[in-house]
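# Breakdown of the fold
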Protein chains: 2
Amino acid sequence: MITIKEVAKRANVSSATVSRMLNDSGYVSEEARERILKVIEETGYVPSENAKSLRTKKTKVIGVILPKLGSETTSRMVNGLDRVLAAEGYQLLLANTNLSAEKEIEFLKLLKSRDVEGIILSATNTSEQLVEEIQKLKIPFVVVGQDMPDTPSVVFNEIMATQDMIEYLIEKGHEKVAFIGVSESDRAVGLLRKKGYLAAMEKHGLPIEEHWIQTAFFDVESGYQAMKNMIEESAQRPTAVFAVTDRLAIGAMNYIKEAGLRIPEDMALTGVGASELSQYVTPSLTTVDFQYNKAGQEAANLILSLINQKNIPTSKIVLDYGLVKKDSV
Amino acid sequence: MITIKEVAKRANVSSATVSRMLNDSGYVSEEARERILKVIEETGYVPSENAKSLRTKKTKVIGVILPKLGSETTSRMVNGLDRVLAAEGYQLLLANTNLSAEKEIEFLKLLKSRDVEGIILSATNTSEQLVEEIQKLKIPFVVVGQDMPDTPSVVFNEIMATQDMIEYLIEKGHEKVAFIGVSESDRAVGLLRKKGYLAAMEKHGLPIEEHWIQTAFFDVESGYQAMKNMIEESAQRPTAVFAVTDRLAIGAMNYIKEAGLRIPEDMALTGVGASELSQYVTPSLTTVDFQYNKAGQEAANLILSLINQKNIPTSKIVLDYGLVKKDSV
DNA sequence: GCCGTATGTGTAATCGATTACACAAAGTTC
DNA sequence: GAACTTTGTGTAATCGATTACACATACGGC
C-alpha cells in the first residue's frame, strides 16, 4: 500500500502539502499541485480512510441494524436511506439481527466501536434494555417503524391507517369484519393495528365474535392457517377480513379460494404494505401503502440533522399512508 | 470517548497490559485482569476498530457492490453472504450503483480506501475497464452472477437452465416456443439465456419466427408490452413463451389473460428466478430456481478462502438450478 | 546457590493520515 | 523602506490501538 509519505517523497514535498492539496485546505502552489497529481495518477494512491477517521473522528459511515435482510419492506426502507445518505457521501454498514433481540444490543456496540457517525435501527421490539443501551451510546440515533420513548423516530400512523381501512370496509356494507394479526410484542404491527381495528368496530357499534380475531406469524402459510381456523371455528362467518400484512392476506386468500368462496363477493380481504405481490395476485389485493422508501429517506434526513447538530424540526415523524383500493374488496 | 490509555490509568496498568488482556495475547495476572474488566464494565469502554485496523490492517469488513438495492434476487444473495460472513465476524459495507457502470469503478476505489478485506461484486455488465481496475486493486475479489475473465466468480448455469426449460416445454408438446429477453449487454441474463433458447430450438429442429423473440427491460410493464407486440405482430401465434425473468413473465401473463387466452391451455408461460411472486400469481408460474442465497454463501466462502490465502478449490463456481414446475405450463 | 524457564509488566515505535505552529519569501500599503 | 499581509511549505504532535523489546521476579532442577 502506497502512503501519503511515499507520495510526498516522490513529488518532492512534505506530506503536509499533499494533505493540503487533497483536502483543499491551505495554500498549495500550482507547480506542487501538479507534481502531486501526477504522482497520484502514476501510483494509484488512495488515502486510507482509516487513518483519516482516526484523526478526524469522521467515518462517513452510518450503521443500519435490520431485523431481517431481504424482506420487501426492509429493502425499500434501505433504498430510501441509501438514496439520501449516498448523496452526502455516506455509506451503509449493515447489521442483520435475524430477529434476535440480544443481537440488536450486540450490534449497537459493534457499530459504536467502528465509529459510525449514526445508527439507524429498524426495530421489531422495543425492550427496556435496548432503550437504555441506546441512551448510553451518545451517537446520533434514529428508530424507524416503532415508537421509542425519548428517541428520534420515524413511524407510521398504524392506528389511523387500520381504522381507515376498516371503515372503508364498513362503508362498503360490511358489518362482520374479522382480523388476522400478529403477536403484540411487535408493538407497531401487533398491538397498534389491532387497536385500530377495535376502535373502528367500536365506533360503528359493530360486535366482534371471538374467533374473528386470529393471531398468526409473519409468513404466508400462517395466514392460510389463521383463515382456516377462523372459518372453521366462527359461529357466524365474517364477510370481510383485515390482515396486518400482505403476506398474511395472501395466505388467507389461498384458503378462501380453496374453500370455494369468492373474493370479494363472499369475503372481502385487505392487507398492509402495498407489496409488489399484492398487485399481481388474483384478485389484486386492497392494501395500505406505507411508503417505506419515504421512511428511509426521512430517517436519513433525521440522522443527518442530528450529525450536523442542526435544530431538529421534530424528533418524531409520523408518515402518511394511502389506501390502495383494488379488486379484493 | 474513553480510550485504552484511560482504562489503563484507572486500572493502574499500562495500555499494553490492557491490550494483552483484550486480545488474550501474552501473560496477564488474574488481579490485573479483574481490575481491567471492572474498569471496562464501569466505563463502557469499547476499543476503536479504527485504530486497531490502522495498526493491524484487518478491518473485518467486506465491501459489497450491488446493481440495485431491494430486488429480490439481490436481497437473497446478500442474505447468503451475510449468513456466512457474519459467522466469521465480518460486516458488510454496502455500495449501491443503481445500475450505473461508472459508479461500479468509483465504489471499487472507495471500498479500497476503506481497507475492506475483500470485495464482492454483483455485476450486470463486465466492461473491459472494470476488469482492469479490479486487477489493479490487489484486494480479494469475487464476482457473482457474471462470468469475468481471470476473476474468481460464482455463476449460474444460464445456458443449461434455459435449455432445460425450453426442452421441458418441447416435451410437453410445444413446437412454437417464443422468447422474451433483455439487452445482451447483460451477458448472463441477456446473452446466455438467449443462447440457451436458440440452442434448444436448434437441437430439436424447431423453426423460430422473427417476432417470437422480443427484447424488453426488467420491469413487469415491459413484459406486458413485449407480449403484446409478439401476439399482435406474429404471423403464427406461439403456444409457449419463455421469459428471462419472473417479472417479465408476470407482465406477459397479464397481457395473455387480458387478450382472453387461457394459461396454459392456449399459451404456456415460464419465468426465471423462482421469486416469491411466481408462487402466488394465478396460475402459479413455472420457473427456474437459481439459488441466489446459495450463490451468496459460495461467494462468501470464496472470499474467505482468498483472504486466508487458502488453496482455492476452484475459482469458478457454477451453481446448480432446478425447474419449478407449476400451473402455467 | 546457580542457571534456565515461565510469568508478568512497562516503554516506546508504529500504522497513515491531519493540523497547529513556525518560518520564509513575495507582495502591499503608507 | 518599514510594517503588514498573503502565499507556500515543512516539522512534529496527534488520533487509539498493537507489539517488539527489555526487564523484573518467581519457580524449577541439580
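Residues numbered from 1 in each chain as written. Chains lettered and ligands numbered in written order. Predicted model: local features only at pLDDT ≥ 70, side-chain atom pairs only at ≥ 80, totals over all residues.

## A closer look at the protein's contact with DNA strand D
Note the threshold: All residues are tested the same way: a C-beta atom is placed from the backbone, and lying within 6 Å of a molecule or strand makes the residue near it. Segments assigned H or I by DSSP are reported as helices when at least four residues long, segments assigned E as strands when at least two residues long, and all are numbered from the N terminus.
In the vicinity of DNA strand D, 29 residues are found, and the nearest of them are T3, I4, A16, S19 and A51 of chain B. Those elements that provide at least two residues to the surface near DNA strand D are α2 (15-23) and α4 (49-56) of chain A together with α2 (15-23) and α4 (49-56) of chain B. In terms of residues, the surface near DNA strand D owes the most to one element, α2 of chain B, which gives six residues.

## A few points about helix α5 (residues 72-87) of chain B
All names here are of chain B. Short version of the rule: To estimate how far a helix should reach, multiply one less than its number of residues by 1.5 Å. Buried residues are those with 20 or more other C-beta atoms within 10 Å of their own C-beta, exposed residues have 12 or fewer, and partly exposed residues lie in between; C-beta atoms are placed from the backbone.
With 16 residues, α5 should cover 22 Å at 1.5 Å per step; its first-to-last C-alpha distance of 23 Å lies within 8% of that length. Of the positions making up α5, those classed as buried are T73, T74, S75, R76, M77, V78, G80, L81, D82 and L85. Count one or two residues on from α5 and you reach G89, which has phi positive near 80 degrees.

## Details of the pairing of strand β7 (residues 213-216) of chain A
Residue and element names in this part refer to chain A. Note the threshold: A strand pair is defined by DSSP finding two or more bridges across the two strands. Consider the strands pointing away from the viewer: the crossover is right-handed when the path from the first strand over the helix to the second runs clockwise.
Across the two faces of β7 the burial differs, with Q214 and A216 buried and I213 and T215 not buried at all. Pairing geometry for strand β6 (residues 177-182) and β7, over four bridges, is parallel. Directly across from I180, in β7, lies its bridge partner Q214. The β-α-β motif built from β6, the intervening helix α9 (residues 187-203) and the parallel element β7 has right-handed crossover chirality.

## Brief notes about the packing of helix α10 (residues 220-233) of chain B against helix α11 (residues 246-258) of chain B
Residue and element names in this part refer to chain B. The test is simple: Axes here refer to lines fitted to C-alpha atoms; in helices the fit is confined to the stretch in contact. Angles between the N-to-C directions go from 0 to 180 degrees. If an angle is under 35 degrees, it is roughly parallel; if it is over 145, roughly antiparallel; if it lies from 65 to 115, roughly perpendicular; otherwise it is oblique. By definition, any crossing whose near helix is turned counterclockwise from its far helix by less than a right angle is left-handed, and any crossing with a clockwise turn is right-handed. Each residue is represented by a C-beta atom placed from its backbone, and any two residues with such atoms within 7 Å are regarded as in contact.
The N-to-C vectors of α10 and α11 enclose an angle of 50 degrees; their axes lie 6 Å apart at closest approach. Compared by their axis directions, α10 and α11 come out oblique. Taken as a pair, α10 and α11 cross one another with a handedness that is right-handed. Only R247, L248, A249, I250, G251, A252, N254, Y255 and I256 of α11 make contact with α10, whose side of the interface consists of V220, E221, S222, G223, Y224, A226, M227 and K228.

## Thoughts on the UniProt feature "domain: HTH lacI-type" (unreviewed entry) in chain A
The criterion, for reference: UniProt positions are given in the numbering used here, feature names are shortened, and annotations may be inferred rather than shown by experiment.
Those places that UniProt annotates as "domain: HTH lacI-type" (unreviewed entry) correspond, in this numbering, to residues 2-56 of chain A. Helix makes up 71% of residues 2-56 of chain A and strand 0%, whereas the separation of the span's terminal C-alpha atoms amounts to 21 Å.

## Brief notes about the sheet that holds strand β8 (residues 240-243) of chain B
Residues and elements named next belong to chain B. Overall, mixed pairing links the six strands, which are arranged β7-β6-β8-β9-β10-β12 in an open sheet. Each edge of the open sheet is held by one strand with a lone partner, namely β7 (213-216) and β12 (322-324). Direction aside, neighbouring strands of the sheet carry axes that sit 20 degrees apart on average. Sheet topology places strand β10 (residues 286-289) next to β12; three bridges connect them, and they run antiparallel. The residue bridging V288 from the neighbouring strand is L323, located in β12.

## Some points on the relation of the copies chain B and chain A
Inclusion rule: The copies are overlaid by a least-squares fit using only the C-alpha atoms of residues whose pLDDT is at least 70 in both copies.
Placing chain B over chain A gives an RMSD of 0.0 Å and needs a rotation angle of 180 degrees, together with 0.0 Å of translation along the axis. What the superposition gives is, in effect, a two-fold axis relating one chain to the other. Most of the interface of chain B is mirrored in chain A: 100% of its interface residues are interface residues there too.

## A short note on the protein's contact with DNA strand C
Convention followed: Ten residues, namely Ala, Val, Leu, Ile, Met, Phe, Trp, Tyr, Cys and Pro, are considered nonpolar, four, namely Asp, Glu, Lys and Arg, are considered charged, and the remaining ones, Gly among them, are considered polar.
Lining the immediate environment of DNA strand C, one finds 29 residues, of which T3, I4, A16, S19 and A51 of chain A sit closest. Elements supplying a minimum of two residues to the surface near DNA strand C: α2 and α4 of chain A together with α2 and α4 of chain B. No other element matches the six residues that α2 of chain A contributes to the surface near DNA strand C. Residues of the surface near DNA strand C, tallied by class, amount to 13 nonpolar, 12 polar and four charged.

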